[in-house]
Amino acid sequence: MADEAFHIGPAPSSESYLRSEKIIEIAKESGAQAIHPGYGFLSENTGFAEACEANNLVFIGPPSSAIAAMGSKSAAKAIMEKAGVPLVPGYHGDDQAPETLRKEAEKCGFPLLLKAVAGGGGKGMRVVERMEEFDDALAAAKREAKNAFGNPDMLIERYLTQPRHVEIQVFCDQDGKGVYLAERDCSVQRRHQKVLEEAPAPGLSEDTRKAMGEAAVRAAQAINYVGAGTVEFLYDVDGSFFFMEMNTRLQVEHPVTEMVTGQDLVEWQLKIAWGEPLPLQQSEVKTRGHALEARIYAEDPDHDFLPATGHLRYLSTPDENAHVRVDTGVTEGDDISIHYDPMIAKLIVWDETRDQAINRMVQALENYRIAGVKTNIRFLHALADAQPFREQDLTTGFIDTHRELLFPKSKLDTHKALVLAAGFVLEARKSSEPASTDPWSPFGRRNSWRLNSEYAQPLQLQVGEDIHDLKILERDDRYQVYVGDSVYNLTARLDDDFLQAVVNGHRISIHGNLHNDQLVLFYEGDTFQCNVYRETYGFEDMAGEGSLEAPMNGAIVAVQAKVGDKVTAGQTLVIMEAMKMEHAIKLRPMVW
Ligand code: MV4
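If you're wondering where the values come from, they're calculated on a predicted model, not measured in any experiment.

*Asks:* Help me get a handle on the overall build of the protein chain, residues and values and all.
*Replies:* A tally of regular secondary structure across the protein chain gives 15 helices and 31 strands. For a compact globule of 592 residues, the expected C-alpha radius of gyration is about 25 Å, and the protein chain comes in at 32 Å, more than 25% above that figure. Taken along the three principal axes of its C-alpha coordinates, the protein chain extends 100 × 60 × 45 Å. Taken across its 592 residues, the protein chain has 49% of its residues classed as buried. A sequence separation of at least 24 residues applies to 61% of the contacts in the protein chain between residues at least 6 apart. Summing over all exposed atoms, the protein chain offers an accessible surface of approximately 28800 Å²; the carbon and sulfur share of this is 48%.

*Asks:* Describe the packing of helix α1 (residues 20-30) against helix α2 (residues 46-54), listing the residues and the values that go with them.
*Replies:* Helices that pack against each other are described as a pair by the angle of their axes relative to one another and the distance between those axes. With their axes 10 Å apart at the nearest point, α1 and α2 run at an angle of 30° to one another. Relative to α2, α1 is oriented roughly parallel. Between α1 and α2 the crossing geometry is right-handed. Between α1 and α2, the residues in contact are S20, I23 and I24 and F48, A51 and C52, respectively.

*Asks:* Any chance you could break down the side chain of D300 for me, citing the residues and the numbers?
*Replies:* With respect to the secondary-structure elements, D300 resides in strand β13 (residues 299-300). Within the buried set, D300 has no salt-bridge partner at all; the shortest N-O distance to an opposite charge, 4.1 Å, is to K374. A polar side-chain atom of D300 sits 3.0 Å from the main-chain amide nitrogen of D302. Those residues in contact with D300 that lie beyond four places of it in its chain are F305, L306 and K374.

*Asks:* Give me the lowdown on the sheet that holds strand β8 (residues 178-190), citing residues and values where you can.
*Replies:* Strand pairing in a sheet takes place through backbone hydrogen bonds and is either antiparallel or parallel in direction. An order of β11-β10-β7-β8-β9-β12-β19-β17 is seen for the 8 strands of this open sheet, with the pairing classed as antiparallel. Bordering the open sheet on either side are β11 (241-247) and β17 (324-328), each of which pairs with just one other strand. Mean inter-strand twist for the sheet, computed between neighbouring axes without regard to direction, equals 25°. Looking at chain direction, strand β7 (residues 164-172) and strand β10 (residues 227-235) are connected through 9 bridges and run antiparallel. Within the sheet, the bridge partner assigned to V170 lies in β10 and is G229. Relative to β7, helix α9 (residues 265-274) is tilted by about 40°, and along the sheet it contacts β7, β8 and β10.

*Asks:* I'd like to hear about helix α10 (residues 354-366), residue by residue, with values.
*Replies:* One turn of the α-helix equals 3.6 residues, which is why residues spaced by three or four share an orientation. The end-to-end C-alpha distance of α10 is 18 Å, a good match for the 18 Å that 13 residues give at a rise of 1.5 Å each. Buried within α10 we find R354, A357, I358, M361, V362, A364 and L365. All buried residues of α10 lie within an arc of 165° about the axis, which places them on one face of the element. Looking at the buried positions of α10, the neighbouring elements they touch are β9 (193-199), β12 (290-297), β17, β19 (343-351), α11 (377-385) and α12 (387-390).

*Asks:* Account for the site of the ligand, naming residues and giving values.
*Replies:* In the vicinity of the ligand lie 16 residues, with K115, E157, R158, L160 and E245 positioned nearest. A distance of 2.8 Å is found between a nitrogen atom of the ligand and a side-chain nitrogen or oxygen belonging to E157. Separating a nitrogen atom of the ligand from a backbone N or O atom of R158 is a distance of 2.8 Å. When the ligand is considered free in solution it has 520 Å² of accessible area, and contact with the protein chains removes 90% of it. Looking at side-chain class alone, the shell around the ligand contains 7 nonpolar, 5 polar and 4 charged residues. For the shell around the ligand, the two domains that each supply at least three residues are domain 2 (89-158) and domain 3 (164-406).

*Asks:* Let's hear about the state of the cysteines: which residues, and what values?
*Replies:* In total, this model carries 0 disulfides according to the counting rule given. Unpaired in this structure, C186 has its nearest cysteine sulfur neighbour in C172, at a distance of 19 Å. The exposure class of C186 is buried, given its relative accessible area of 0%.

*Asks:* Can you lay out the side chain of E253 for me, pointing to particular residues and giving the numbers?
*Replies:* Its location among the elements puts E253 in the loop between β11 and α8 (254-261). Of the polar contacts made by the side chain of E253, one reaches the side chain of K194; its length is 2.8 Å. Excluding residues that lie within four positions of it along the chain, E253 makes contacts with E167, R184, C186, K194, E197, E293 and R295.

*Asks:* Which residues make up the environment of A76, and what are the values?
*Replies:* Mapped onto the secondary structure, A76 falls in helix α4 (residues 73-82). Given the relative accessible area of 3%, A76 is considered buried. A C-alpha to C-alpha distance of 30 Å links A76 and I24, two positions 52 residues apart in sequence. Leave out the neighbours within four places in its chain, and A76 touches A69, M70 and F243.

*Asks:* Can you tell me about the sheet that holds strand β31 (residues 581-586), naming the residues and giving the values?
*Replies:* Pairing is antiparallel in the open sheet, where 3 strands are placed in the order β29-β30-β31. Pairing within the sheet leaves two strands with one partner each, and these edge strands are β29 (555-559) and β31. Recorded for the sheet is a direction-independent mean angle of 30° between the axes of neighbouring strands. In the sheet, β29 pairs with strand β30 (residues 572-578) via 4 bridges, with the strands oriented antiparallel. If you follow A558 over to β30, its bridge partner there is I575.

*Asks:* I'd like a description of the nonpolar core, backed by residues and values.
*Replies:* Ranked by size, the top nonpolar core spans 39 residues in total, and within it V188, I296, L347, Y368, L383 and F389 carry the most contacts. Residue contributions to this core peak at 6 residues, all from α10. Apart from the residues lying within four places of it in its own chain, the contact partners of V188 are Q193, K194, V195, L196, L383, F389, L394, F398 and I399. One finds L499, L519, F528 and C530 within the second-largest nonpolar core, a separate group that totals 33 residues.

*Asks:* I'd like a description of a nonpolar patch on the surface, backed by residues and values.
*Replies:* Taken together, the side chains of Y17, L18, F41 and Y340 present a nonpolar region at the surface, about 360 Å² in accessible area. Relative to the helices and strands, Y17 is located in the segment before α1. When its relative accessible area of 39% is taken as the criterion, Y17 is described as partly exposed.

*Asks:* Summarise unusual backbone geometry; cite the residues concerned and give the values.
*Replies:* For the peptide bond that leads from F110 to P111, omega is -5°, which places it in the cis range. Cis peptide bonds are those with omega within 30 degrees of zero, and the linkage from A199 to P200 qualifies with -10°. Tracing the backbone shows P200 in the loop between β9 and α7 (206-222). Notably, F41 is not glycine yet its phi reads approximately 40°, a positive angle. Within the secondary structure, F41 sits in the loop between β1 (34-35) and α2. The backbone of D304 shows a phi angle near 55°, a positive value even though the residue is not glycine. Structurally, D304 can be placed in the loop between β13 and β14 (306-307).

What counts and how
- Residues numbered from 1 in each chain as written.
- Predicted model: local features only at pLDDT ≥ 70, side-chain atom pairs only at ≥ 80, totals over all residues.
- Heavy atoms only, no water.
- Helix = DSSP H or I, 4+ residues; strand = E, 2+ residues; numbered from the N terminus.
- Rg over C-alpha atoms; globule rule 2.2 N^0.38 Å.
- Buried < 20%, exposed > 50% of the residue type's maximum accessible area, 1.4 Å probe, protein only.
- Contact = heavy atoms within 4.5 Å.
- Areas by Shrake-Rupley, 256 points an atom, 1.4 Å probe, with all protein chains shown as cover.
- Axes fitted to C-alpha atoms, helices over the stretch in contact; angles between N-to-C directions.
- Parallel < 35°, antiparallel > 145°, perpendicular 65-115°, else oblique.
- Left-handed = near helix turned anticlockwise from the far one by under 90°.
- Lys, Arg positive; Asp, Glu negative; His and termini not counted.
- Salt bridge = Lys/Arg side-chain N within 4 Å of Asp/Glu carboxyl O.
- Polar contact = N/O pair within 3.5 Å; in protein donor to acceptor, adjacent residues only side chain to side chain.
- Pairing = 2+ DSSP bridges.
- Expected span 1.5 Å × (residues − 1).
- Arc of directions from axis to C-beta.
- Near = heavy atom within 4 Å.
- Nonpolar A, V, L, I, M, F, W, Y, C, P; charged D, E, K, R; others polar.
- Domains from an automatic or database assignment.
- Disulfide = S-S within 2.5 Å.
- Core = buried A, V, L, I, M, F, W, Y, C linked by side-chain atoms within 4.5 Å.
- Patch = residues over 30% accessible without salt bridge, like charges linked within 9 Å, V, L, I, M, F, W, Y side chains within 5 Å.

Below, the structure is given as structure tokens:
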């Protein structure tokens, strides 16, 4: 969407997006006045913020001193304590002598949490259940922190066993005025990665919301903050809340705040960077309804969420409107490479109530269809639709606690899926046949009229390791599909990627994508995938149901039944020879 773009280097971020000097050089060359650093890369890099300042470029973010102030956990806690922001009881002093830490541990009580002063995002934390474990745990945590951050210092906190992650969006202008734009609940996380976020936080009282918001603004003002920031709190079951950390950037999940406040946070950032006052006073900030965001990742939930790469062979997103927003940087045909975070998109929904918003999310996920790359869409669908999520059982342990709900079995019965797959393949093949210019020509007809009207087509579909041999009879725009010992009546109509099928009287409308031999069907947030093999010239030794029409021209060489015989389905009645082969013609069950 940019009007101009400059090449800053090859894909690895160390050679491009992390090259401060190169970015500054291009900013100057282009005549840019300001740089928006986004959320990753250099967005919380003091060196980059300073380099902007030194080059007369506005860094769209806080002063580098404010970024630096939040870099150390213990220093941040000291600042927050002074500003009257609630802290988890514990110790964040400089004295790191083991005796001091042991004494502080006793004061704090158990279970407690050792946190690396230099840590962040969950790295370098250790729970200690009782005093006897403390010395060993401390030694191990220090070793880990030294290795990971080059700093072995620890702080001690009382360990909250069922916390929620509730964060406040704050803004400060250049005059030091601050407001909070409500809160977000980001408790549903996996290994410290947010998965589902929402605004407002369910079940928060107005008093708590106000107290938390005001604490967050004090936190920002304590470090002379400017621009967009987020103050993260641990929110305990009893309604108490404690400062966790402050993110000195606009966050990935900011859209849920935009949806409930009706404000454009990037616009706010630009206005503040330009020197304008805050667009709204605190009393003018209102929220309405409920918003949810799901992060769509290229990853494999069935293999411990291993990040996936690949080609976005097919990509179809839900329609965007007042209820649905899609933030993404990729389109069909793009690659998900190894170079960046595997996030494909953020799917954001809004509605008047949380329950309605959840319904919107479930529906939007069903309309988010991707083939070519593994994604977490089915997992997100199960998560949003899970009863405990609807019932606001929001703690940071949600995904572990409700594991059995979140990896659902496929909702499509295998046979039905195979029949739909057959319908998709058959109809896709028809629509790819060249149309005749003569409407009366039998060669231009799309109803698969054939000289041999009862002709069984073999179709082989491979699902995972399993190979299914299907036989298909086609007559009058209807199919009979034989799968194993069952037979299904099928009518199907394909319009681009949209299949409308009726399988034994059950109407099913689904989307799919057939690319070379790979077919993907999308069904209620789930996918059914198979490889398609068909023997183009293979005539089958089958006949039509209830009748004995020859599948092709040939000679009858044996008749194995006579008038008055009682015969059963599957029994060979006639043997014919054609194309130098014998074909057993068996009795078909009556199914129409
Ligand atoms: C805690 C805690 C319980 N008690 N502190 C994890 C990320 C880091 N910034 C802080 N974290 C936690 N600190 C005390 N005293 C539990 C967590 C925690 C967590 C917090 C927010 C969201 C997800 C989490 C998952 C595991 C642990």
